[in-house]
Amino acid sequence: MPNIQGNRTLTEWLTLLLGVVILLVGLFFLIAGADLAMLGGSTYYALCGIILIASGVFMLMGRTLGAFLYLGALAYTWVWSLWEVGFSPVDLLPRAFGPTILGILVALTIPVLRRMESRRTLRGAV
């Protein structure tokens with residue numbers, strides 16, 4: 001894969017972009033979720049926001065932990081969604097569709113993140 005700038009490939013830049021998107025979604029979830037929790041609503045959004053922020057930061061650092069944190073948050077999202085609405089496809093769609101699409105993209109970045117991690121390890125960075 002050709003380099004765009006410096007020594008990063010296009011797939012690495014796209015992985016970092018996905019990390020930024022996840023970080024921004026996490027910030028929104030945390031802020032809006034904290035407001036909702038203070039009004040007596042679900043704490044799901046605030047907790048998931050914290051996990052997504054960590055996921056985005058680790059992905060920006062080129063760590064596979066970021067991808068696995070996101071996939072853990074996705075599993076939590078599915079459990080929460082099923083608990084809230086049951087197996088109704090119409091009710092599950094707005095709760096799980098977007099996170100699942102992002103989850104597929106995140107799963108596709110795992111090989112890229114592993115390559116970024118191994119390259120950093122070879123250079124001696126922690």
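Residues numbered from 1 in each chain as written. Predicted model: local features only at pLDDT ≥ 70, side-chain atom pairs only at ≥ 80, totals over all residues. Heavy atoms only, no water.

As recorded by an unreviewed UniProt entry, the chain carries the name Glycerol dehydrogenase and is attributed to Gluconobacter japonicus.

A closer look at the nonpolar core
Counting 19 residues, the largest nonpolar core has Leu18, Ile22, Cys48, Leu52, Met59, Tyr70 and Val106 as the members making the most contacts within it. Looking at this core, the elements that each hand over two or more residues are helix H1 (10-38), helix H2 (44-60), helix H3 (64-85) and helix H4 (89-123). No other element matches H4, which puts 6 residues into this core. With residues near it in sequence (within four places) discarded, tyrosine 70 still touches Ile22, Leu52, Ser55, Pro99, Leu102, Gly103 and Val106. (Core = buried A, V, L, I, M, F, W, Y, C linked by side-chain atoms within 4.5 Å. Buried < 20%, exposed > 50% of the residue type's maximum accessible area, 1.4 Å probe, protein only. Helix = DSSP H or I, 4+ residues; strand = E, 2+ residues; numbered from the N terminus. Contact = heavy atoms within 4.5 Å.)

A few points about H3
In a regular helix each residue adds 1.5 Å, so 22 residues correspond to 32 Å; H3 covers 32 Å between its end C-alpha atoms and thus fits that length. Restricting attention to buried positions, one finds in H3 the residues Thr64, Gly66, Ala67, Tyr70, Ala73, Leu74, Thr77, Trp80 and Ser81. Immediately downstream of H3, the backbone of glycine 86 shows phi near 75°, a positive value. (Expected span 1.5 Å × (residues − 1).)

A closer look at the pattern of salt bridges
Tallied over the entire structure, the rule returns 4 salt bridges. The partner of glutamate 117 in a salt bridge is arginine 63, and the shortest N-O contact between them spans 3.5 Å. One end of the pair, glutamate 117, is in helix H4; the other, arginine 63, is in the loop between H2 and H3, and 54 residues separate them in sequence. Residue arginine 63 is classed as partly exposed on the basis of its relative accessible area of 25%. With a shortest N-O distance of 3.6 Å, arginine 95 and glutamate 84 are connected by a salt bridge. Of this pair, arginine 95 sits in helix H4 while glutamate 84 sits in helix H3, and the two are 11 residues apart along the sequence. Each of Glu12, Arg115 and Arg119 takes part in salt bridges that share partners, so that together they form one network. (Salt bridge = Lys/Arg side-chain N within 4 Å of Asp/Glu carboxyl O.)

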